[in-house]
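One letter stands for each residue in the lines below.
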Amino acid sequence: MLKSDVPFLYQERRMKLLGLAPEACFIFFGAGEVVRSNDTHFPFRQDSDFHYLTEFDEPDAALILVNGKSHLFVLERDESREVWDGERYGIERAQSVFHVDEVHLVRDFAAKLDELLIDAKEVYYSLGNHVDRDRMILKSIHSATRFQGKGRFGHLPFHDPFPLLSELRTVKDGYELSFIRKACSASAKAHLQLLKRVRAGMSEFDAFNEFQYSVFKNGCTELGYGPIFASGLNATTLHYVRNNEMLKHGDLFLIDAAGEVNSYTSDITQTFPISSQFSPEQKSIYSAVLDTNRAITRMVKPGISYRDIHSRSVEMLTEHLLSLGVLSGDLKTQIHTGAFRKYYPHGVGHYLGLDVHDAGIYHERGQDFLLKPGMLLTNEPGLYFRERGTPYYGIGVRIEDDLLVTESGAEVLTHELPREIEDIENLRRIVNT
Ligand SMILES: [Mn+2]
């Protein structure tokens, strides 16, 4: 179904971006359609920057921002194609639905760009994604250089739009948060459903099917990323994606999966025993990870950096590894030598939004980027034991929540999923009786 109207705030976002470089010309391309051999079409997913700036969801579109105006380029209406691919907006409807200043046809892009570049003093375009487009843009810049009589000064300065867009995309507005909250709630509910239903004798894939069914039923329209359904030793493979083994009594089940709403995704991991209880070893590791996850949630607030929270997670998990006897020696040395990395090889989290690893800057020229209200990040400490010889062999635990930075702290958007051992074991006992 075509949209009838998108909020005016997309035009405000475009003008805000242009406001960061008012004499620039910004050029963006939307995603193309994915068609593989034998005319097989895959679901279309818009490029995230393009979605952020337009919410226009047809393939092969382009956007130019220059001189205080937005120009959207769309495919021509074509009945014979629309029979196959669905109705297109066309020029008139695109203009009124997406609140852009001008709409042109994609086939006029190169000519229009030549014209629009004449007054620009610099260009923002992300090179390296598409050779033919890169060549077309560089050709336009070359001819604009000659038109403007700038030959003796050289080409128009050329920049990557990533830093400016990242700055805008990391802080979420209320409209974005409405989708993010829905995605987080639906995904947490689907996780809870698994906690209440999964049992030995089912396969990882059965659990995946149940998850997908309930996350869609709860309002998500896509999965946000390739999900991980890893039981037993599989949980120690960080990007395990086969998801095809049988679930066995005594093992833990690590599930990293979430859905998205209007292209905004959640990102959740839970770990629970397939039987009704954690073993003592599983319990020790789970407690260490949960303790760290809770501490990070309490710590997140405006003014601290990602490095601060990651360092704190390293410190806490190393302390736990020392008291469990996995590591020995003193805390400072163990942190300094990086001994923890064998058991905690990833970061404590990442920005979240239109992409599961969302656009955003962590540090800039050696300076840490500080958290601000409206930023969204994951909190996902974990411990993994792949090597035989410890009582923890085969255990992999990760606990991942989604945090919204508020004025004074953090809100856990995934709070509907129980995390305490007692709550988990109570639910698991019901399944296993
Ligand atoms: Mn994550």
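Bear in mind that the values here come from a model prediction, so they are computed numbers and not experimental data.

### Quick word on the coordination of the manganese ion
Okay, so step 1: For the manganese ion, the full set of protein donor atoms is Asp267 (OD), His350 (NE2), Glu380 (OE) and Glu400 (OE), at a range of 2.1 to 2.4 Å.
Okay, so step 2: When the donors of the manganese ion are listed by position in the chain, the intervening gaps give D-x82-H-x29-E-x19-E. Of the two residues, His350 is situated in the loop between helix H12 (331–337) and strand S15 (363–364) and Glu400 in the loop between strand S19 (396–398) and strand S20 (401–405); the sequence distance between them amounts to 50 residues. Neither His350 nor Glu400 differs from the other in exposure class; each is buried.

### A look at the packing of helix H8 (residues 174–197) against helix H9 (residues 204–217)
Okay, so step 1: For the pair H8 and H9, interaxial distance at closest approach is 9 Å and the crossing angle is 140°. With respect to H9, the element H8 is oriented oblique. Judged by the twist between their axes, the crossing of H8 over H9 is right-handed. Here H8 contributes Ala186, Ser187, Ala190, His191, Gln193, Leu194 and Arg197 to the contact with H9, which in turn contributes Ala207, Glu210, Phe211, Ser214 and Val215.
Okay, so step 2: Here the contact of H8 with H9 is built from residues that sort into 6 nonpolar, 4 polar and 2 charged.

### Brief notes about the pattern of salt bridges
Okay, so step 1: Counted under the stated rule, the structure contains 28 salt bridges.
Okay, so step 2: Two residues, Arg93 and Glu87, come together in a salt bridge whose shortest N-O distance is 2.8 Å.
Okay, so step 3: Classification of Arg93 as partly exposed rests on a relative accessible area of 29%.
Okay, so step 4: For Glu87, a relative accessible area of 46% corresponds to the partly exposed category.
Okay, so step 5: A salt bridge links Asp108 to Arg107; the nearest nitrogen and oxygen atoms lie 3.9 Å apart.

### A look at the sheet that holds S20
Okay, so step 1: Spatial strand order, S17-S20-S21: 3 strands in an open sheet with antiparallel pairing. Each of the sheet's edge strands pairs with one partner strand only, and the pair in question is strand S17 (376–379) and strand S21 (410–412). Geometrically, the sheet is characterised by an average inter-axis angle of 35° between neighbouring strands, direction not taken into account.
Okay, so step 2: As paired strands, S17 and S20 are joined by 4 bridges and run antiparallel to one another. When the sheet's bridge partners are listed, Leu376 is paired in S20 with Leu404.
Okay, so step 3: Packing of helix H10 (residues 280–299) onto the sheet brings it into contact with S17, S20 and S21, and relative to S17 it is tilted by some 155°.

### Focus: the side chain of Thr318
Okay, so step 1: Along the polypeptide, Thr318 turns up in helix H11 (residues 306–323).
Okay, so step 2: Among the polar contacts made by the side chain of Thr318, one reaches the main-chain carbonyl oxygen of Val314 at a distance of 2.6 Å.

### Remarks on the sheet that holds strand S7 (residues 122–124)
Backbone-to-backbone hydrogen bonds join strands into a sheet, with any given pair of strands oriented parallel or antiparallel.
Okay, so step 1: Here we have 6 strands laid out as an open sheet, ordered S6-S5-S4-S1-S7-S8, and mixed in their pairing. Looking along the sheet, the strands with just one partner apiece sit at the ends: strand S6 (102–105) and strand S8 (158–159).
Okay, so step 2: Here strand S1 (residues 24–29) runs beside S7; their pairing, made up of 3 bridges, is parallel. Bridge pairing in S7 places Ala24 opposite Glu122.
Okay, so step 3: The sheet strands contacting helix H4 (residues 90–98) are strand S5 (69–74) and S6, and the helix crosses S6 at an angle near 150°.

### Overview of unusual backbone geometry
The phi torsion of most residues other than glycine is negative, and most of the peptide bonds are trans.
Okay, so step 1: You will see that Asp60, though not glycine, has its phi angle at about 65°, which is positive.
Okay, so step 2: According to the relative accessible area criterion, Asp60 is partly exposed, its value standing at 31%.

### Thoughts on the nonpolar core
Okay, so step 1: With 104 residues, the main nonpolar core has Phe26 and Leu383 as its most contacted residues.
Okay, so step 2: A total of 11 residues in this core trace back to one element, the largest contributor, which is H8.
Okay, so step 3: Of the domains in this structure, domain 1 (9–168) and domain 2 (171–431) are the two that each give at least three residues to this core.
Okay, so step 4: When sequence neighbours within four positions are dropped, the list of residues in contact with Phe26 reads Leu17, Leu18, Ala21, Leu63, Ile64, Leu65, Tyr124, Pro161 and Leu164.
Okay, so step 5: Core analysis: the next-biggest nonpolar cluster, separate from the first, contains 18 residues, Phe29, Val123, Tyr125 and Ile141 among them.

### A few points about the side chain of Glu122
Okay, so step 1: Among the secondary structure elements, Glu122 is positioned in strand S7.
Okay, so step 2: Comment: no salt bridge for buried Glu122; closest opposite-charge side chain is Lys121, at 9.9 Å.
Okay, so step 3: Sequence-distant contacts of Glu122, defined by excluding residues within four places in its chain, comprise Ala21, Glu23, Ala24, Cys25, Leu156, Pro157 and His159.

### Re the environment of Gly154
Okay, so step 1: As for its placement among the helices and strands, Gly154 is situated in the loop between helix H6 (131–147) and S8.
Okay, so step 2: A residue is classified by how much of its surface remains accessible, and Gly154, at 26% relative accessible area, is partly exposed.

### Description of the environment of Gly32
Okay, so step 1: Within the element layout of this structure, Gly32 appears in the loop between S1 and strand S2 (35–36).
Okay, so step 2: Between the C-alpha atoms of Gly32 and Tyr343, which are 311 residues apart in sequence, the distance is 40 Å.
Okay, so step 3: Contact partners of Gly32, with chain neighbours within four places excluded, come to Phe44, Pro59 and Asp60.

### Looking at the packing of aromatic side chains
In this description, an aromatic ring pair is defined by two values, namely the gap between the centres and the angle between the planes.
Okay, so step 1: In the structure shown here, the tally under the stated rule is 22 aromatic pairs.
Okay, so step 2: Seen from their ring centres, Phe208 and Phe229 are 5.4 Å apart, and the 35° between their planes marks the pair as tilted. A residue pair is termed long-range when its members are at least 10 positions apart, and Phe208 in helix H9 and Phe229 in strand S10 (residues 228–231) qualify at 21 residues.
Okay, so step 3: Residue class for Phe208 comes out buried when judged on its relative accessible area of 14%.
Okay, so step 4: Overall, the relative accessible area of 0% leaves Phe229 in the buried class.
Okay, so step 5: Ring geometry for Tyr306 versus Tyr362: centroids 5.1 Å apart, planes at 75°, classification edge-to-face. Separated by 56 residues along the polypeptide, Tyr306 in helix H11 and Tyr362 in the loop between H12 and S15 bring together distant segments of the chain.

Parameters at a glance
- Residues numbered from 1 in each chain as written.
- Predicted model: local features only at pLDDT ≥ 70, side-chain atom pairs only at ≥ 80, totals over all residues.
- Heavy atoms only, no water.
- Donors = N, O, S within 2.8 Å, 3.2 Å for Na, K, Ca; no water.
- Helix = DSSP H or I, 4+ residues; strand = E, 2+ residues; numbered from the N terminus.
- Buried < 20%, exposed > 50% of the residue type's maximum accessible area, 1.4 Å probe, protein only.
- Axes fitted to C-alpha atoms, helices over the stretch in contact; angles between N-to-C directions.
- Parallel < 35°, antiparallel > 145°, perpendicular 65-115°, else oblique.
- Left-handed = near helix turned anticlockwise from the far one by under 90°.
- Contact = heavy atoms within 4.5 Å.
- Nonpolar A, V, L, I, M, F, W, Y, C, P; charged D, E, K, R; others polar.
- Salt bridge = Lys/Arg side-chain N within 4 Å of Asp/Glu carboxyl O.
- Pairing = 2+ DSSP bridges.
- Polar contact = N/O pair within 3.5 Å; in protein donor to acceptor, adjacent residues only side chain to side chain.
- Core = buried A, V, L, I, M, F, W, Y, C linked by side-chain atoms within 4.5 Å.
- Domains from an automatic or database assignment.
- Lys, Arg positive; Asp, Glu negative; His and termini not counted.
- Phe/Tyr/Trp six-rings, centres within 6.5 Å; stacked < 30°, edge-to-face > 60°.

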